[in-house]
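# Structure at a glance
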Amino acid sequence: MMSIKNNSKPYQDSQLTQIEFGGAQDVFYSWSNDQRPMIVKGEGIYLWDEQGNKYLDASSGPVTCNIGHSNPNVLRAMQQQAQELTFSFASSSRNLPNIDLAKKLTELAGEGFERALFVSGGSEAVDMAIKFCRQYRYATGEKKRNKLISCLPSYHGMTLGALAVSGDPVFAEVFGEMISMAHKIPAMMSYHRPDNQSEEEYSLQCAKYLEEKIIEVGEDSVLAFIIEPVGGSSSGAIAPPELYFNEIRRICDNYGVFLIYDEVMSGTGRTGEFLTSHLWPDARPDITVLAKGLGAGYAHLGAMLAPAALVDELSELTGFNYAHTYNASPLSCAVGSAVLNEITQNGLLENTRNMGLYLRDKLGELQNKFTIIGDVRGRGLLLAIELVASHSPRKYLPLDIEAIERFKKLAQLEGLLIYGRRSNGGIYGEPLLIAPPLNVTIEELDLIIEGLAKTIGIFEAELRTNGII
Ligand SMILES: Cc1ncc(COP(=O)(O)O)c(C=O)c1O
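Predicted, not measured: the structure shown is a model, and the values here were computed from it. (Residues numbered from 1 in each chain as written. Predicted model: local features only at pLDDT ≥ 70, side-chain atom pairs only at ≥ 80, totals over all residues.)

Right, let's get into the site of the ligand. Close contacts around the ligand come from 15 residues, with Gly121, Gly122, Ser123, Gly157 and Val264 the closest. If you tally residues by element for the shell around the ligand, the top one is helix 4 (residues 122–139), at 3 residues. A per-class count over the shell around the ligand returns 7 nonpolar, 6 polar and 2 charged. (Near = placed C-beta within 6 Å. Helix = DSSP H or I, 4+ residues; strand = E, 2+ residues; numbered from the N terminus. Nonpolar A, V, L, I, M, F, W, Y, C, P; charged D, E, K, R; others polar.)

A separate point is the domain arrangement of the protein chain. One can read the domain layout of the protein chain as domain 1 (37–69 + 348–465) and domain 2 (72–345). Inter-centroid distance (C-alpha atoms) of domain 1 to domain 2 is 26 Å. With 32 residues of domain 1 at the contact, the number on the domain 2 side is 34 residues. It is helix 11 (residues 348–369) that provides the largest number of residues to the side of domain 1 that touches domain 2, a total of 5 residues. Across the side of domain 1 that touches domain 2, the residue classes tally to 14 nonpolar, 12 polar and 6 charged. (Domains from an automatic or database assignment. Contact = placed C-beta atoms within 7 Å.)

Taken together, 7 strands build an open sheet; the order of strands is 4-10-9-8-7-5-6 and the sheet is mixed. A single partner strand is all that each edge strand has here, and the edge strands are strand 4 (115–119) and strand 6 (183–186). Strand-to-strand twist of the sheet, defined as the mean angle between neighbouring strand axes without regard to direction, takes the value 25 degrees. Sheet analysis places strand 9 (residues 287–290) next to strand 10 (residues 302–306), joined by 3 bridges and oriented antiparallel. Bridge pairing in strand 10 links threonine 288 to leucine 305. Against the sheet, helix 4 engages strand 4, strand 5 (147–152), strand 7 (222–227), strand 8 (258–262), strand 9 and strand 10, with an angle of about 30 degrees to strand 10. Packed on one face of the sheet, helix 7 (residues 199–217) meets strand 5, strand 6 and strand 7 and runs near 155 degrees to strand 6. (Pairing = 2+ DSSP bridges. Axes fitted to C-alpha atoms, helices over the stretch in contact; angles between N-to-C directions.)

This next bit is on unusual backbone geometry. With an omega dihedral of 0 degrees, the bond running from leucine 152 to proline 153 counts as a cis peptide bond. Inspection of the secondary structure puts proline 153 in the loop between strand 5 and helix 5 (160–165). Here the residue pair serine 392 and proline 393 is connected by a cis peptide bond, since its omega of -5 degrees sits within 30 degrees of zero. Within the secondary structure, proline 393 sits in the loop between strand 13 (390–391) and strand 14 (394–395). Located in the positive-phi region is valine 63, a residue other than glycine, with phi close to 60 degrees. Inspection of the secondary structure assignment puts valine 63 in helix 1 (residues 60–63).

In a regular helix each residue adds 1.5 Å, so 19 residues correspond to 27 Å; helix 7 covers 27 Å between its end C-alpha atoms and thus fits that length. Along helix 7, the residues that are buried comprise Tyr202, Ser203, Cys206, Ala207, Leu210 and Ile214. End-on view of helix 7: buried residues confined to an arc of 140 degrees, all on one side of the axis. The exposed set on the far side of helix 7, more than 90 degrees from its buried face, consists of Glu200, Glu201, Glu212, Ile215 and Glu216. Elements that come into contact with the buried residues of helix 7 comprise strand 5, strand 6, strand 7 and helix 8 (242–255). Just past helix 7, the residue glycine 218 takes up positive phi, approximately 120 degrees. (Expected span 1.5 Å × (residues − 1). Buried ≥ 20, exposed ≤ 12 C-beta atoms within 10 Å, placed from the backbone. Arc of directions from axis to C-beta.)

This part takes up the packing of helix 11 against helix 13 (residues 442–465). Where helix 11 meets helix 13, the closest approach of the two axes is 10 Å, and the angle between their N-to-C directions is 20 degrees. In this view, helix 11 runs roughly parallel relative to helix 13, as classed from their interaxial angle. Seen from above, helix 11 lies across helix 13 with right-handed handedness. Contacts between helix 11 and helix 13 involve Met355, Tyr358, Leu359, Lys362 and Leu366 from the former and Ile442, Leu445, Ile449, Leu452, Ala453 and Ile456 from the latter. Within the contact of helix 11 with helix 13, the residues separate by chemical class into 10 nonpolar, no polar and 1 charged. (Parallel < 35°, antiparallel > 145°, perpendicular 65-115°, else oblique. Left-handed = near helix turned anticlockwise from the far one by under 90°.)

Turning our attention to the confidence of the model for the protein chain. Predicted confidence across the protein chain gives a mean pLDDT of 95, with 96% of residues reaching 70 or more. Confidence, expressed as mean pLDDT per element, reaches its minimum in the protein chain at strand 13 with 86 and its maximum at strand 8 with 99. The low-confidence segment residues 1–8 (pLDDT under 50) makes 21 contacts with residues lying over four places distant or belonging to another chain. (pLDDT = per-residue confidence, 0-100.)

With that settled, consider the nonpolar core. Of all hydrophobic cores here, the largest spans 132 residues; its most connected members are Ala125, Ala129 and Met304. Among all residues touching methionine 304, those that are not within four sequence positions of it are Leu117, Ala125, Met128, Ala129, Phe132, Ile287 and Val289. (Core = buried A, V, L, I, M, F, W, Y, C linked by C-beta atoms within 7 Å.)

For the rest of this paragraph, the subject is the pairing of strand 12 (residues 382–387). Of all 6 residues making up strand 12, 6 are buried, and the element is well covered by its neighbours. Of the two faces of strand 12, the one lined by Leu382, Ala384 and Glu386 and the one lined by Leu383, Ile385 and Leu387 are each fully buried. In the sheet, strand 11 (residues 373–379) pairs with strand 12 via 6 bridges, with the strands oriented antiparallel. Looking at the pairing, arginine 377 lines up with alanine 384 of strand 12. Hairpin connection from strand 11 to strand 12: 2 residues lie between these consecutive antiparallel strands, with glycine 380 at a positive phi of about 55 degrees. Across 5 bridges, the pairing between strand 12 and strand 16 (residues 430–434) is antiparallel. In the strand pairing of strand 16, isoleucine 385 is matched with leucine 432.

Written out as structure tokens, the structure reads:
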């Protein structure tokens, strides 16, 4: 009998009686002959598989393991909390780690974010943010406001609510008729800026799409606009400038539309500020959503940050009484506090800014050296490289060669784990996220660059041999 561990199809229909039970999560994914490594150990920036192969975790998993693996302080906090209390139900009791984390997190987030609601991950947090905005408008008599606007491309998660705001017609094709999909506006994709427009003109035009959409949908029926301040896997770290965010803030204020920043990937220090919105004093959102780096791979943790004024007003009206079983879990919250301590006590925001500049420079050198790196972009340590057939003149790679998947495979053979996935069927490009942990060192960055240079060289040679470039 074939083994489930192998990604090839484990049985033929005639062999149903021989099916093995269980299997890794990837038994649910599309069949492929690629063998995923069986990871058995992690320490710092490294992971090991069961054959003893060592990998450098160059994207912190899916931009999650922001302080590396097996951090002793976080493990200690986890163990101590586990010995005291692992669960208490937030709807019927309180727990101290919840209160401790809420204080730490909201103090770091600052004015306008005095309240934090904790859930299990990013999609749940996005769902909560949408529900919170809706409940507030419902409770304050603006019941007509229920329409959402988001960007194309974008990614906000996998629950049906988060899928509704995610900008990817591939998901919409399957689920679109089951749920009320958000109205989409084009994202500001710097790499696709028309040649005849300055960055300023392009920023204003992209912001104008929001105003036009609000008017088209109906000024008094739009509830919220949700956007990633730095794009994630769907757009490859697009990083629109302050002007763009100032404009969308102004437009949202004009039309009474809530502005939600999805900082699931870009938050908790990833861009060198605790929240990316700290960069833009005039473009603070109403609600911020966090996850990934908050639990940093040690706990299933997401958060919705909101102003005390809104939360307290809503509490007096209807309340916001929507609970998931694991909301504000004491174990996850204790881990979250330990992760935040690592960020603040070890100067990781400053390290992110410095290492981000260094990494960006080095990626720029790769772009100059090779034909197939079309763009380097992002903020802090949320960076991306865009794979192309040629950067000048710009030519895209054929979609059928699945460039992202091939590149990741080649990188893995060089000992680098890199995150990237095709979104929107690949029509917006082929980006890969280069996003090491926030405590990465120069020496580790040099290893990443060395591995990337080798991988790019091998891929480029392969594309030449096959007549693709
Ligand atoms: C910007 C953004 N929002 C939401 C999510 C969903 O988070 P989760 O996978 O924890 O549900 C992700 C996940 O990649 C993300 O990148």
